[in-house]
Structures are given as C-alpha cells and as structure tokens.
Amino acid sequence: MNNKFAVSFSLGIQNSMEYRFNFFMGFASLFFPIFIQLFLWKAVYSHASNMNLYGYTYRQMIVYTIVAALISRLVATGLEYDINHDIKSGGLNKYLVRPIGYFPYKICVYLGGKVLSFAITLIMLLGVVLFMVYYFKAPISVSRILVFGVVLILAVVLNFMISFSVSAIAFWLTDVSYFFHVTALLIQIFSGGIFPLDIFGAAWLAFFDYLPFKYTIYMPVNVINGKLTLLQALHVIELQLLWIGLLLLLTRYIWTVAIKKYIAVGG
Amino acid sequence: MVIHVDQLSKSFDYYKKETGIRNSVKNLFHREKLTKDAVNKVSFDINEGEMVAFLGPNGAGKTTTLKMLSGILYPSGGSAEVLGYTPWDRKNDFKKQFSIVMGQKNQLWLDLPASDSLYLNKCIYEIGDQKYKDTLDELVTLMDVRHLLHVQVRRLSLGERMKMELIAALLHRPRIIFLDEPTIGLDLVSQKNIREFLKAYNHEFRTTLLLTSHYMKDIEDLCKRTIVINQGKLVYDGEIRKINEVMNEKKRMKLTFSAIVERKDLAVMGSIKEYSGHEVILEVERTKFKEYSRMAMDHFPVIDLNLEDIPLEEAIARLYEQPEPQG
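Residues numbered from 1 in each chain as written. Chains lettered and ligands numbered in written order. Predicted model: local features only at pLDDT ≥ 70, side-chain atom pairs only at ≥ 80, totals over all residues.

Going by the annotation in an unreviewed UniProt entry, the name recorded for chain B is ATP-binding cassette domain-containing protein, with Paenibacillus tritici given as the source organism.

Per an unreviewed UniProt entry, chain A is named ABC-2 family transporter protein, and its organism is Paenibacillus tritici.

Structure follows, in structure tokens:
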C-alpha cells in the first residue's frame, strides 16, 4: 500500500478503532431516541381512526423509524465541527503546506473511519430485514439488498459533500457552533432522519425534490422497505450521483474563494 | 539565494469594542473596522545553508512572515520567492522541497503511533521505500526515539512529540525548514537536545533554516544572523553580537567603593542603572569611558572597576522600542 489516499483511508479505519468504548457507545446511544419514537407512534396509531397514516401502516412506520435512525447514524459526519476547528485553530495549515489536498484527504480519512460502522450498521439492518421477511412476510429480493448497499454508500458520500459545503461558512463567521446546530437539525429533518417526509404533505414533498437531503436517509429507507420499485431505486442512484457531482462543483468553487480569506490565526 | 523577499506586507481586519454592555449592543449593529499591518514592507534575502533567526516581541509579525513564505497566507502586498517559486501558488513541486514546523501545532495523529503518521508522510511526499527506510533510521537514531515509534502520540511527552514532529518534517529531506518556536514549552534538556539536533542537521545537509523563538539561547546558539521585526517592520538584520555596536555605543561601568559615595556625585558620568551606596552600575558613552574611569579613580574610593557590554536581552528590548530601522 503506497498510495497517499489509500493510507489516509487506512488511518481513518485504525483511528476509529482506537477507542472501542466510545465506538460502541455511539451505537448504544441510538436506542434511546428509537424507543421514544416507538412509544410516540404507538400512541398516535392507537388513537387514529385510519390504520394507514401518511401512507404508512404502524408496522411500516416502526420499520421506518428504526432503519432511518440506523442510517442517519451511519451517514452522520460531525465534519462541520472538525473542519471549523481546522479553520479556526490553524489546523488547515498542515494540509496547505503538504502536497495533499484537504478535500481528498478528508474524504479518504472520513470514509475509512466509516468502514467499521458501515459493517455494523449493515449487520443491524440485515437483522431488521430478516425480521421484516419473517414476520411481515415482506418480499425482499437479493437484488434489492444489493441496490440498497450501493444507495447506502452513495448516501454516505453525499452527506459528506453536504457537510463539507456547509462547513465552509466557518471561513466567514467567527463563531459558528449554533449555526451548525441549527443546520444539522434542519438537515436531519429534511433528510427524513426523524420521521418520513410524507408527513409534511404534498407541497413540501415536491419542494424536497429540489434538495439533496432526502437522498441521504428518506430514499435509502424507502429502497429497503419496499416502497420504491427496483427501477425507482436505480433512479435514486442516478440522482445521488447527480447531487454528488453538483456539490463537488459547488464546494470546489466555495473553497477556492474561501481559502483566500483564510487567515491562519495564532502567533 | 534561496529566499528573496521584497516589500512583503500583510494586513488583517479586526473590530474594536469599548468596555461595557452599551458598547456591546452598539457593536451588534455597527462595527468599526480597523486594519492592522501585521507585516509592513519587509525585505531580505537568505542564502542556501544559512541559519537565520527571526526575533521580535509577541505579535511582531514573525509567524505571519513564515506563514507567507510557506504559502499558508496570501500577502496583501509585495512579493516573495522561495526556491524560485511564489509560495502562495502552492505548487506541489515547491511543497516537496520545504517544511514548516510549528511548536504549538501538530501534524501527527494523536490517537495513533507516530510510525503511522510518518508512513502517511512517506506516501504524501512520494518517498521511495529504501530512501524512507534509511532517512527514518538515521533520524530516529539522531533523536534517540526509536523505542517510541510505536507508542500512541497522545502518550508521548511534549519533548518527545516535538522530536517526532521534526522527524515528520524532515523525512522528505527539505531544502528549507521553517521553524516557528520549535522549543516552546519544552524543558531545558529537551530544548538543548532540539538545538543540538538542528545544528548538526544544518551542518550535515546544508539545509537552510529559518526559526523564530523567544529563547535567546536558541538564537545565540544556532544563528549567526538575526532579523529583528517589531510592529511588522524590519528593525535589524545582521549578526546578533553586533546589535550592541549599533545600539548607541554604550558601555556599562560597575564601580565598587570602600566607603559610601553619594548618588548625586556619580550622576555626572552617565545614567545610574543600579545604586547601593557601596556599589554602582553606570551606563556611559563608549567614547567617554576612559575619561570617566580616570575621573572615578581620582575622586572616589574605588576598590574595583568593571566594564561590560550592555546585556543582549536589554539591547534587543531597546531595539523593540525604536520606531525606525537600525544597521
């Protein structure tokens, strides 16, 4: 292994495994919000006159909640704080003076850092899928699972692109912690990470078509729970690639402008 | 000539706020924008193999200058050429020929052993396998850190970490090394180790070295040439020992008496720096000291007379107070 990006990727993997306790707590922390939501939906459905809310049966809603939580955990980057720190404390310097680009380096390290959580998330999702097949008699084909795998990887990359674009704001604003708080929450909601986007109604759903967010959580969930046909699922991959391409151009432009503003504080 | 700097300038914008809540509220709506000239028309040349120190008080513009020379910052005026490249073009060919080490920043991964970060640098700088092995071997021997290569960086002491940082910066055999306070926060022994290493390294490879430091010892030990910067302006460029000669040509005369001598009787010879009745330290003009020492011998019960230069630290401190260039 001699390529700088391959080594960055591998360091990302090694780094993520260094603190095992923290790593597992990350997954353990998933269950609390899931439980809260399960009780919430139970209450909502038990008082509803219709067994089908926003196009989801109770069972489908539960599956959505669990799968969405797992995926949002997987695609979450935390990159904004990381990049903000690099910009504010001069950590960016070490990339500017070495013959390696900040963006390719970051994405390699980040993807490397995701390998283990990716594997664990897949296993947990497989559990959910088996449960669905067994109890709900939901027909899930092997090809659908394969397509889902691709969609999931692209979702991880897409969310990296979104985070990377958003974090460039740190070049212009000195204190951005609340800004990132708000954007993270909005992106989580717009991505369908908390509840299905259908709840917003038709007008909003149409609006979300013009944003990249739903391709990170909402659409992947709908691929695995069977709401989308296989053909529609392939279409999701197309749109994910399109958004990744567009954001790539956008971040390239923003960062070229931003780096000239960079003041490398300290000293 | 490996570094050519001409009228290099950098200014930053900042805001000011007067004390008090009223002014905080005022600042929410309107802020007065101020500009600070961190580096103001600095020019100098540095030859291959030279070891040059940047000296100056905090905020003088030393680090800002280094950051521009390494391409981290864009200047707001003037030009610089390092190894024939304009640093802020950030060409990869240029990056492969220099290194910058910042005492307070680290490039090593804290949670992994240094060997991992070093290997990453090998790949980033595209160093051949054999060359990497040899260089690493040599550097860890010189620094005596072989046994620490596989320890998580977080668990190393500050001095050990600095050594690893230096190794990471030297792996690709840079022709120029910028060092921004490489010994900051280190204990005396570690400081000495780092200094000795830098000296040996410069001697062996004729690497050009530019360093900033607050420790006089670093500078006296390592660098013949010193560039003093104050408030963004270059105030002195030359041999550190000669700062004194430039500085007003003054000497210190220390007199010890067998009986108490009145303060006012001594004041005619020069300014009194210290006085205790039996002892006095006077600052006198270099041209006058012969005359004054004779006068002292004749008029006072002198039992000992000493002449010395003004201490270097003090000479430099005075240099900081001078607004216009010297030398």
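(A) Region of the structure containing the overall build of chain A. Looking only at helices and strands, one finds 12 helices and two strands in chain A. The N-to-C order of helical and strand elements in chain A reads α-α-α-β-β-α-α-α-α-α-α-α-α-α. For chain A, the spread of C-alpha atoms along the three principal axes comes to 65 × 40 × 35 Å. Out of the 267 residues in chain A, the part that is buried amounts to 36%. Contacts spanning at least 24 positions in sequence make up 81% of the contacts within chain A whose residues lie at least 6 apart. (Helix = DSSP H or I, 4+ residues; strand = E, 2+ residues; numbered from the N terminus. Buried ≥ 20, exposed ≤ 12 C-beta atoms within 10 Å, placed from the backbone. Contact = placed C-beta atoms within 7 Å.)

(B) Spotlight on the overall build of chain B. Counting its secondary structure elements, chain B contains 12 helices and 13 strands. Against the compact-globule benchmark of 20 Å for 327 residues, chain B has a radius of gyration of 25 Å, which places it well outside the compact range. Its C-alpha atoms put chain B at 75 × 60 × 40 Å along the principal axes. Among the 327 residues that make up chain B, the fraction classed as buried is 37%. For chain B, the share of sequence-separated contacts (at least 6 apart) that also reach a separation of at least 24 residues comes to 72%. (Rg over C-alpha atoms; globule rule 2.2 N^0.38 Å.)

(C) Summary view of unusual backbone geometry. The backbone of Y54 of chain A shows a phi angle near 50 degrees, a positive value even though the residue is not glycine. With respect to the element layout, Y54 of chain A can be found in the loop between β1 (52-53) and β2 (56-57). A tally of 14 C-beta atoms within 10 Å means that Y54 of chain A is categorised as partly exposed. The phi angle at E126 of chain B is positive, at roughly 50 degrees, despite the residue not being glycine. Positionally, E126 of chain B belongs in the loop between α4 (114-124) and α5 (129-143).

(D) View of the domain arrangement of chain B. We note that the domain assignment places domain 1 (3-7 + 40-243) and domain 2 (249-309) within chain B. Domain 1 of chain B and domain 2 of chain B are separated by 45 Å when their C-alpha centres are compared. (Domains from an automatic or database assignment.)

(E) Examining the packing of helix α4 (residues 58-75) of chain A against helix α7 (residues 102-135) of chain A more closely. Residues and elements named next belong to chain A. Their axes nearest at 10 Å, the elements α4 and α7 cross at an angle of 170 degrees. Taken together, the axis directions place α4 and α7 in an arrangement best described as roughly antiparallel. Between α4, through V63, I66, V67, L70, R73 and L74, and α7, the contact on the second element is made entirely by S117, F118, T121, M124, L125, V128 and M132. (Axes fitted to C-alpha atoms, helices over the stretch in contact; angles between N-to-C directions. Parallel < 35°, antiparallel > 145°, perpendicular 65-115°, else oblique.)

(F) Region of the structure containing the pairing of strand β11 (residues 271-275) of chain B. All names here are of chain B. Relative to strand β12 (residues 279-285), β11 runs antiparallel, the two being bridged by four bridges. Note on β12: the bridge partner recorded for E274 is I281. Here β11 hands over to β12 after three residues, with G277 in that stretch at a positive phi of 90 degrees. (Pairing = 2+ DSSP bridges.)

(G) Structural context of the UniProt feature "transmembrane region" (unreviewed entry) in chain A. Residue and element names in this part refer to chain A. Within the UniProt annotation, "transmembrane region" (unreviewed entry) is assigned to residues 21-41, 61-79, 115-136, 148-173, 185-208 and 228-251. With 90% helix and 0% strand, residues 21-41 has end C-alpha atoms that lie 31 Å from one another. Here residues 185-208 runs as 54% helix and 0% strand, with 16 Å between its end C-alpha atoms. (UniProt positions renumbered as here; feature names shortened; annotations may be inferred.)

(H) Layout of the sheet that holds β11 of chain B. Residue and element names in this part refer to chain B. Spatial strand order, β11-β12-β10-β13: four strands in an open sheet with antiparallel pairing. In this open sheet, the two strands that pair with only one neighbour each are β11 and β13 (302-309). Taken over all neighbouring pairs, the strand axes of this sheet differ in orientation by 20 degrees on average, direction set aside.

(I) Representation of the packing of α5 of chain B against helix α6 (residues 158-170) of chain B. All names here are of chain B. Where α5 meets α6, the closest approach of the two axes is 10 Å, and the angle between their N-to-C directions is 155 degrees. Taken as axis vectors, α5 and α6 run roughly antiparallel relative to one another. Viewed along their axes, α5 and α6 form a crossing whose handedness is right-handed. Each of L139, V140 and M143 in α5 lies in contact with α6, whose residues at this interface are K163, I167 and L170. Grouping the constituent residues of the contact of α5 with α6 by class yields five nonpolar, no polar and one charged. (Left-handed = near helix turned anticlockwise from the far one by under 90°. Nonpolar A, V, L, I, M, F, W, Y, C, P; charged D, E, K, R; others polar.)

(J) Focus on the interface of chain B and chain A. Each partner contributes to the interface: chain B provides 26 residues, whereas chain A provides 23 residues. Elements with a contribution of two residues or more to the side of chain B that touches chain A: α2 (62-69), α3 (92-95) and α4 of chain B. Counting residues per element, the side of chain B that touches chain A draws most heavily on α4 of chain B, which supplies five residues. Grouping the amino acids of the side of chain B that touches chain A by side-chain chemistry returns 12 nonpolar, six polar and eight charged.

(K) View of the pairing of strand β3 (residues 51-55) of chain B. Residue and element names in this part refer to chain B. Of all five residues that make up β3, five are buried, and the element is covered over most of its length. Side chains M51, A53 and L55 project from β3 onto one buried face, and the interleaved V52 and F54 project onto a second face that is buried too. With four bridges connecting them, β3 and strand β7 (residues 208-212) associate as parallel partners. Across the sheet, the residue bridging to A53 is L211, located in β7. In terms of strand pairing, β3 meets strand β8 (residues 225-230) through four bridges, oriented parallel. Counted as the bridge partner of F54 is I227 from β8.

(L) View of the environment of D237 of chain B. Residues and elements named next belong to chain B. Along the chain, D237 turns up in strand β9 (residues 233-239). Judged by C-beta crowding, with 18 C-beta atoms within 10 Å, D237 ranks as partly exposed. A C-alpha to C-alpha distance of 42 Å links D237 and F300, two positions 63 residues apart in sequence.

(M) Inspection of the nonpolar core at higher detail. Ranked by size, the top nonpolar core spans 126 residues in total, and within it V67, I71 and A155 of chain A together with I167, F178 and L210 of chain B carry the most contacts. No other element matches the 13 residues that helix α8 (residues 142-167) of chain A contributes to this core. Setting aside anything within four residues of it in sequence, one finds L210 of chain B in contact with I46, V52, F54, L66, F178 and L179 of chain B. (Core = buried A, V, L, I, M, F, W, Y, C linked by C-beta atoms within 7 Å.)

(N) Molecular detail of α6 of chain B. All names here are of chain B. The end-to-end C-alpha distance of α6, which contains 13 residues, comes to 18 Å, matching closely the 18 Å that a straight helix rising 1.5 Å per residue would cover. Counting buried positions along α6 gives 10 out of 13 residues, so the element sits mostly inside the fold. Buried positions along α6 lie against β5 (98-102), α4, α5, β6 (176-180) and α7 (188-205). (Expected span 1.5 Å × (residues − 1).)

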